[in-house]
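Descriptive analysis of the structure
Single-letter residue listing:
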Amino acid sequence: MNPKTTGQIHSFETFGAVDGPGVRFVVFFQGCPLRCLYCHNPDSWNTNIGRVITAEELVKEILKYRSFISKGGVTLSGGEPFLQSEFAEAVITLCKQNKLHTAIDTSGYIPLSVCKGAVDAADMLLLDIKAIDTHMAKKLTGAGIENAIKLLNYCESINKRVWIRHVLLPGWTLDKEQAHSMGVFLKDYKCVEKVELLPFHKFGEYKWESLNLEYSLGNVEPPEPEQVEEIRQILIGYGLNA
Ligand code: SF4
């Protein structure tokens, strides 16, 4: 691990409350190989922009907030953190040396052979399962979920804590049958502590417009709370903590 390893970050949030346990410092990495139709950070896609920073400098910034995040920790998000796996590993390792809890939020798209060091170093992963049907995932994001499953299997083999995250998108993943498939698939993983269902929202639509990108979900309305609850109950029925 080289503390001088540089990376490109999009931004950071100092009091994140939705990306892992407790109050967290969330670092949004610049660059993502996927193109999720509902992405609320399309400005994080481009790998040629972003603030260049060393792992050491970033952790120095994080440590300014140490007292606020001592019961939470640090989450690397994006973009896709594993697109810059060495940098992610260096940041995580320095955070760990400073006794901060660490999590990585990933789509699982980057092959394990590339991201293993960072996975091993982190305390936990927030792993997005974009759609339980890999063909649907491909239409929705540009890639199937094969690598995400390999990553999940690896986490199971090394007892790495995982929270699964899953966006419920009407007309796509907001579907009872798919929820059953997901329940059947996830129920035996001991590493999966929690399944977080994220109702689709359109908060990022304006960013698509400002980047001159066509947002295809303009006519899709967010799911009703009862619909989300119905999916949650299906997953709970499989013994999952949803
Ligand atoms: S993986 Fe995340 S950052 Fe990348 S396109 Fe999908 S939602 Fe956006």
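Described in the following lines is the structure provided in the data block. (Residues numbered from 1 in each chain as written. Predicted model: local features only at pLDDT ≥ 70, side-chain atom pairs only at ≥ 80, totals over all residues. Heavy atoms only, no water.)

Comments concerning the overall build of the protein
On a plain count of helices and strands, the protein comes out with 9 helices and 8 strands. Taking 2.2 N^0.38 as the reference for a compact globule, 242 residues should give roughly 18 Å; the C-alpha atoms of the protein span a radius of gyration of 17 Å, in line with that estimate. Overall, the C-alpha framework of the protein stretches about 50 × 45 × 35 Å when taken along its three principal axes. Counting every position in the protein, which comprises 242 residues, the buried fraction comes to 51%. Counting contacts in the protein only where the partners sit at least 6 residues apart, residues at least 24 apart contribute 73% of the total. (Helix = DSSP H or I, 4+ residues; strand = E, 2+ residues; numbered from the N terminus. Rg over C-alpha atoms; globule rule 2.2 N^0.38 Å. Buried < 20%, exposed > 50% of the residue type's maximum accessible area, 1.4 Å probe, protein only. Contact = heavy atoms within 4.5 Å.)

Overview of the site of the ligand
Near the ligand you find Cys32, Leu34, Arg35, Cys36, Cys39, Ser44, Trp45, Gly79 and Lys130, and these make up its full shell. A molecule is said to occupy a pocket when more than half its atoms come within 2 Å of that pocket's grid points, and by this definition the ligand occupies the largest pocket. Residue composition of the shell around the ligand, grouped by class: 5 nonpolar, 2 polar and 2 charged. (Near = heavy atom within 4 Å. 1 Å grid on protein atoms, 1.4 Å probe; cavity = no way out; pocket = protein on both sides within 12 Å on 5 of 7 lines; lining within 4 Å. Sits in = over half its atoms within 2 Å of the grid points. Nonpolar A, V, L, I, M, F, W, Y, C, P; charged D, E, K, R; others polar.)

Quick look at the side chain of Asp105
Tracing the chain through its elements places Asp105 in strand E5 (residues 102-106). Residue Asp105 is classed as buried on the basis of its relative accessible area of 9%. Here the side chain of Asp105 touches Ser77 through a polar contact of 3.0 Å, side chain to side chain. Dropping the residues within four chain positions of it, Asp105 is found in contact with Asp19, Thr75, Leu76, Ser77, Pro81, Leu126, Asp128 and Arg165. (Polar contact = N/O pair within 3.5 Å; in protein donor to acceptor, adjacent residues only side chain to side chain.)

What to know about the layout of surface pockets
In this structure, the largest pocket encloses a volume near 890 Å³. His40, Asn41, Gly78, Asp105 and Arg165 are the residues nearest the centre of the largest pocket, which is lined by 32 residues in total. Where the lining of the largest pocket is concerned, the elements lending two or more residues are strand E1 (6-16), E5, strand E7 (161-168) and strand E8 (192-199). Here the lining of the largest pocket is composed, by residue class, of 12 nonpolar, 11 polar and 9 charged. (Points joined across faces, edges and corners; volume = space filled by probe spheres on them.)

A word on the pairing of strand E4 (residues 73-77)
By the criterion of burial, E4 is predominantly enclosed, with 5 of the 5 residues buried. Here strand E2 (residues 24-29) pairs with E4 via 5 bridges, running parallel. Among the inter-strand pairings, Val26 is bridged to a residue of E4, identified as Thr75. By the bridge criterion, 3 bridges tie E4 to E5 in an arrangement that is parallel. Paired with Val74 across the two strands is Thr102, which belongs to E5. Since E4 and E5 lie parallel, the crossover through helix H3 (residues 85-97) that links them has a hand, and here it is right-handed. (Pairing = 2+ DSSP bridges. Right-handed = clockwise from strand over helix to strand, strands pointing away.)

Overview of the packing of aromatic side chains
Evaluation of the coordinates by the stated rule reveals 8 aromatic pairs. Here the aromatic rings of Phe12 and Phe25 are separated by 5.0 Å at their centres, their planes lie at 40 degrees, and the arrangement is tilted. Linking Phe12 in strand E1 with Phe25 in strand E2, this pair joins segments that are 13 residues apart in sequence. According to the relative accessible area criterion, Phe12 is partly exposed, its value standing at 26%. For Phe25, a relative accessible area of 0% gives the class buried. Geometrically, the ring pair formed by Phe15 and Phe68 is edge-to-face, given 5.1 Å between the ring centres and 85 degrees between the ring planes. With Phe15 in strand E1 and Phe68 in helix H2 (residues 66-69), the pair connects residues that are 53 residues apart, well separated along the chain. Each residue in the set Phe12, Phe15, Phe25, Tyr65 and Phe68 is aromatic and connected to the rest through ring pairs, giving one cluster. (Phe/Tyr/Trp six-rings, centres within 6.5 Å; stacked < 30°, edge-to-face > 60°.)

Quick notes on the sheet that holds E7
Read across the open sheet, the 8 strands follow the order E3-E1-E2-E4-E5-E6-E7-E8; overall the sheet is mixed. Unpaired on one side and paired on the other, strand E3 (51-54) and E8 mark the two borders of the sheet. Across this sheet, the average inter-strand angle for adjacent strands is 30 degrees, counted without regard to direction. Strand direction decides the pairing type here: E7 and E8, joined by 7 bridges, are parallel. When the sheet's bridge partners are listed, Val167 is paired in E8 with Leu198. Strands E1, E2, E3 and E4 of the sheet are contacted by helix H1 (residues 55-63), whose axis makes an angle of about 90 degrees with E3. (Axes fitted to C-alpha atoms, helices over the stretch in contact; angles between N-to-C directions.)

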